[in-house]
Amino acid sequence: MVRSSPQNAHIGSAEQGRGPRCCGIVNAPILLIGASSGIGLATAKLLQQEGRAIITAGRRDPGLGAPHITFDVLTSTIPTDQLPTELGGLAYFPGSIDLKPLRSTKADDLRAAFELNVLGAFTTVQACADRLKKVPGSGIVLFSTVAVGRGMAFHSSVAAAKGAVEGLTRSLAAELAPTVRVNCIAPSLTRTPLAEKLLSSPEREAASAERHPLKRVGEADDIAAMAAFLLGERARWITGQVIGVDGGMSAI
Ligand SMILES: NC(=O)c1ccc[n+]([C@@H]2O[C@H](COP(=O)([O-])OP(=O)(O)OC[C@H]3O[C@@H](n4cnc5c(N)ncnc54)[C@H](OP(=O)(O)O)[C@@H]3O)[C@@H](O)[C@H]2O)c1
């Protein structure tokens, strides 16, 4: 259920999410799927600091005082009857890092990776597209990984699924232009609950940091800064891009 808060009180009203036409994406709310932890939570906080109205959706309410829609992308699509008529942006954060050698990777691992990373993003964009099209310059942000552009051992299921997300990004960018911009962020290892196991000891973290030209792993805020930028007016001439935020890992 969407719960109104003083900050976003206008979203729950009859004028749900309708900012003055003159101000376009600045006033229309941004829908964040999966903002209860990690990069999604950091992005939600940053957007709130910037004065943008947000709506969160996912299994857990992040408790930021913004309207929240409870749903699970693996079992349903976003209930659009709980959304305002216009959206200024959409970011889809749910994703996986399921690392396994080839011999123990099952077909079901690939299916699970595709359902969460690709199908969930696709059905959410499909459900929200008409609302985004009402706000010229609105932005969609999807998530890939550095492991698509660089071959990394044991990443076959996640790299395959995120590779599909990159293709989806470019196709949707073509189809939804010129009204809606669609971009993708490809992070390297970033300190979030999802990456907890990979950073479980000082030794593992030091080894990971050493592999990055900028000699540290990512923080959720590093990635959130790019997400908030891509969802904002200053990114108005950027679409169809996969942008590495990876401490230099993909290029150097
Ligand atoms: N962290 C990294 O090192 C890293 C590296 C490369 C790429 N990425 C990508 O960056 C994105 C964000 O990652 P993160 O590290 O911030 O992940 P995270 O901490 O696990 O956060 C994922 C968010 O998605 C939500 N979510 C997960 N499953 C869901 C479901 N079935 N239905 C609805 N919501 C669901 C979670 O909320 P609930 O549990 O409340 O539903 C959570 O808020 C992901 O796509 C990930 O693949 C991350």
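Provided above is the structure to which this section pertains.
A brief report on the enclosed structure follows. (Residues numbered from 1 in each chain as written. Predicted model: local features only at pLDDT ≥ 70, side-chain atom pairs only at ≥ 80, totals over all residues.)

Let us look at the nonpolar core. The tendency in soluble globular proteins is for nonpolar side chains to be buried as a group. Of all hydrophobic cores here, the largest spans 61 residues; its most connected members are Leu-31, Leu-32, Leu-90, Ala-91, Ile-140 and Ala-227. Among all residues touching Ile-140, those that are not within four sequence positions of it are Leu-90, Val-125, Leu-132, Leu-172, Val-180 and Val-182. (Core = buried A, V, L, I, M, F, W, Y, C linked by C-beta atoms within 7 Å. Buried ≥ 20, exposed ≤ 12 C-beta atoms within 10 Å, placed from the backbone. Contact = placed C-beta atoms within 7 Å.)

Taken together, 26 residues lie near the ligand, and Gly-34, Gly-38, Arg-59, Arg-60 and Gly-95 sit nearest. Counting residues per element, the shell around the ligand draws most heavily on helix 1 (residues 38-49), which supplies 3 residues. When grouped by side-chain class, the residues that make up the shell around the ligand number 12 nonpolar, 11 polar and 3 charged. (Near = placed C-beta within 6 Å. Helix = DSSP H or I, 4+ residues; strand = E, 2+ residues; numbered from the N terminus. Nonpolar A, V, L, I, M, F, W, Y, C, P; charged D, E, K, R; others polar.)

To continue, consider unusual backbone geometry. Of the consecutive residues Ala-177 and Pro-178, the connecting peptide bond is found in the cis state with omega at 5 degrees. Tracing the backbone shows Pro-178 in the loop between helix 4 (156-176) and strand 6 (181-187). The residue Lys-215 is not glycine, and still its phi comes out positive at about 60 degrees. Note that Lys-215 resides in the loop between helix 5 (202-211) and strand 8 (218-219). Taking the C-beta count within 10 Å as the criterion, Lys-215 has 11 such neighbours and is therefore assigned exposed.

Turning our attention to the environment of Ser-156. Tracing the backbone through its elements, the reader meets Ser-156 in helix 4. A count of 20 C-beta atoms within 10 Å places Ser-156 in the buried class. Between the C-alpha atoms of Ser-156 and Gly-40, which are 116 residues apart in sequence, the distance is 24 Å. With near-sequence residues (within four places) excluded, Ser-156 lies in contact with Leu-102 and Thr-105.

Worth remembering: the numbers are spatial, not functional.
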